[in-house]
Amino acid sequence: MYNIDDYDFSVFDPNKKYHLHIDADTLIMACAVVIDNDPCVVKHHRSGRKKTFETFSAFIDFLENDEKGKKFKLQDFDAPCIGFAFSNFNSKLNAVLDHKWIGDYTLYVGGQGNFRKELYPEYKASRKKSPPMRKIVHDYVCWKYKERVVQAHGQEAEDLCLAAVLSDIDNNIVGFVDKDLTTQSGLFFNYQKMDKGVFFINKTQAFYNLCCQLLHGDRSTDNIRGIDFVSKELKEKYKVSTKSIGEGTAIKLLEDVKQDKLLMKERIVDIYKLSYGKDWKEKLQFTGSLVFISKVENEYFNSDKFIKGLNYVFETCK
């Protein structure tokens, strides 16, 4: 996939007011993880007694699983680390919003269910269990910023975030971290690399990013394997020496066609055919359904349309 410096920084107008649509799940998780790295001191409201736990997660485990702890509720204690987590989120968000070009903003957070999990039960199975503080910060954000929060039910927050931005690409900007969002064309702002500023991803670059993910998936974060083996035919035709297709191999396989969307599409189809034989279309549909982020809400990847044309690679959710 392209690096941030490869994109166009001249399209963005710093004197204009934009609506920033923020995929906020990463912000929430970051605040939860940081807090859970430190000891957690709690004070019982009624007795005033204090106790120190190794982490906030250990404290929650005490409340849920220890026979003594089961007698209490979280509300029975003063746990300053909760306030620290809230303050940390507010500070991080304010740092993002401290840009004169932001006229308005919306936060997108995860909700209940996800069609990808239904399609592939192992989706995100490789991730560590979320710390208990994540839900607490999530609920706080939904309350604190309720006028600006959109919860994504049945899908990822990034699905709704990107669809909202692309409904008006001249006036909306994606606030993101996850590279999955770079598979569509528009204005983007990486809030973990704010010094880089706002950049524009054109349609060819976005399609290349999608093609890379169709090859290597997203194993480290979402447990999407992509093409997880290299056939003898694929090795011989494209001089591939690896046992599976990772990001480096995907880049190599697309390097000579990355400037032409039609050639990229043909290369993807050829690689899938060499890898999976008669089952290639089903495999492409499966991986595409997991990695593709649509530019229209409630529309998903469709392998037949991917093969036939480049402008409509999705089907309407029924």
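Here is a short report on the structure shown in this document. (Residues numbered from 1 in each chain as written. Predicted model: local features only at pLDDT ≥ 70, side-chain atom pairs only at ≥ 80, totals over all residues. Heavy atoms only, no water.)

Remarks on the packing of helix α1 (residues 25-35) against helix α5 (residues 132-144)
Two numbers describe how α1 lies on α5: the axes approach to 8 Å, and their chain directions differ by 135°. In terms of orientation, α1 and α5 fall into the oblique class. The handedness of the crossing between α1 and α5 is right-handed. Every residue of α5 that contacts α1 at I28, M29, A32 and I35 is listed here: M133, R134, V137, H138 and V141. Among the residues forming the contact of α1 with α5, the class breakdown is seven nonpolar, one polar and one charged. (Axes fitted to C-alpha atoms, helices over the stretch in contact; angles between N-to-C directions. Helix = DSSP H or I, 4+ residues; strand = E, 2+ residues; numbered from the N terminus. Parallel < 35°, antiparallel > 145°, perpendicular 65-115°, else oblique. Left-handed = near helix turned anticlockwise from the far one by under 90°. Contact = heavy atoms within 4.5 Å. Nonpolar A, V, L, I, M, F, W, Y, C, P; charged D, E, K, R; others polar.)

Focus on the sheet that holds strand β7 (residues 172-176)
Across the sheet, which stays open at both edges, the six strands sit in the order β6-β5-β1-β7-β8-β9 with mixed pairing between neighbours. The sheet is open, and its two borders are formed by β6 (149-154) and β9 (199-201), each paired with just one other strand. Between one strand and the next, the sheet's axes are offset by a mean angle of 35°, whatever the strand orientation. Two elements, β7 and strand β8 (residues 186-190), share three bridges in a ladder whose sense is parallel. (Pairing = 2+ DSSP bridges.)

A closer look at the environment of F53
Within the secondary structure, F53 is located in strand β3 (residues 50-53). Judged by its relative accessible area of 9%, F53 is buried. Between the C-alpha atom of F53 and that of A157, which follows or precedes it by 104 residues, the distance is 33 Å. Setting aside chain neighbours within four positions, we find F53 in contact with P39, C40, V42, A58, F59 and F62. (Buried < 20%, exposed > 50% of the residue type's maximum accessible area, 1.4 Å probe, protein only.)

Side note on the packing of aromatic side chains
Across all of its chains, the model carries 26 aromatic pairs by this definition. A ring pair is formed by Y7 and F199, whose centres lie 5.2 Å apart and whose planes are at 10°; its orientation type is stacked. Of this pair, Y7 sits in the segment before β1 (18-23) while F199 sits in strand β9, and the two are 192 residues apart along the sequence. The class for F199 is buried, based on a relative accessible area of 1%. An angle of 80° between the planes, with centres 5.4 Å apart, marks the rings of F229 and Y276 as edge-to-face. With F229 in the loop between α8 (219-222) and α9 (232-238) and Y276 in helix α11 (residues 261-276), this pair connects stretches of sequence that are 47 residues apart. According to the relative accessible area criterion, F229 is partly exposed, its value standing at 32%. Taken together through their ring pairs, the aromatic side chains of Y2, Y7, F9, F176, F188, F199 and Y208 make up a single cluster. (Phe/Tyr/Trp six-rings, centres within 6.5 Å; stacked < 30°, edge-to-face > 60°.)

With respect to the pairing of strand β2 (residues 40-44)
Only one face of β2 is buried: it carries C40, V42 and H44, and the other face, with V41 and K43, is open. Sheet topology note: the β2/β3 ladder contains four bridges and is antiparallel. Pairing of V42 across the sheet is with K51, part of β3. From the end of β2 to the start of β3, which pair antiparallel, there are five residues, and G48 there has a positive phi angle of about 80°. Sheet topology places β2 next to strand β4 (residues 77-78); two bridges connect them, and they run antiparallel. For H44, the partnering residue across the bridge sits in β4 and is F77.

Brief notes about the pattern of salt bridges
Summed over all chains, the structure comprises 13 salt bridges. In this structure, the salt-bridge partner of D228 is R225, at a minimum N-O distance of 3.2 Å. When its relative accessible area of 32% is taken as the criterion, D228 is described as partly exposed. Here R267 and D256 are joined by a salt bridge, their closest N and O atoms 3.0 Å apart. Taken together, the residues R267 in helix α11 and D256 in the loop between α10 (247-254) and α11 connect sequence positions eleven residues apart. (Salt bridge = Lys/Arg side-chain N within 4 Å of Asp/Glu carboxyl O.)

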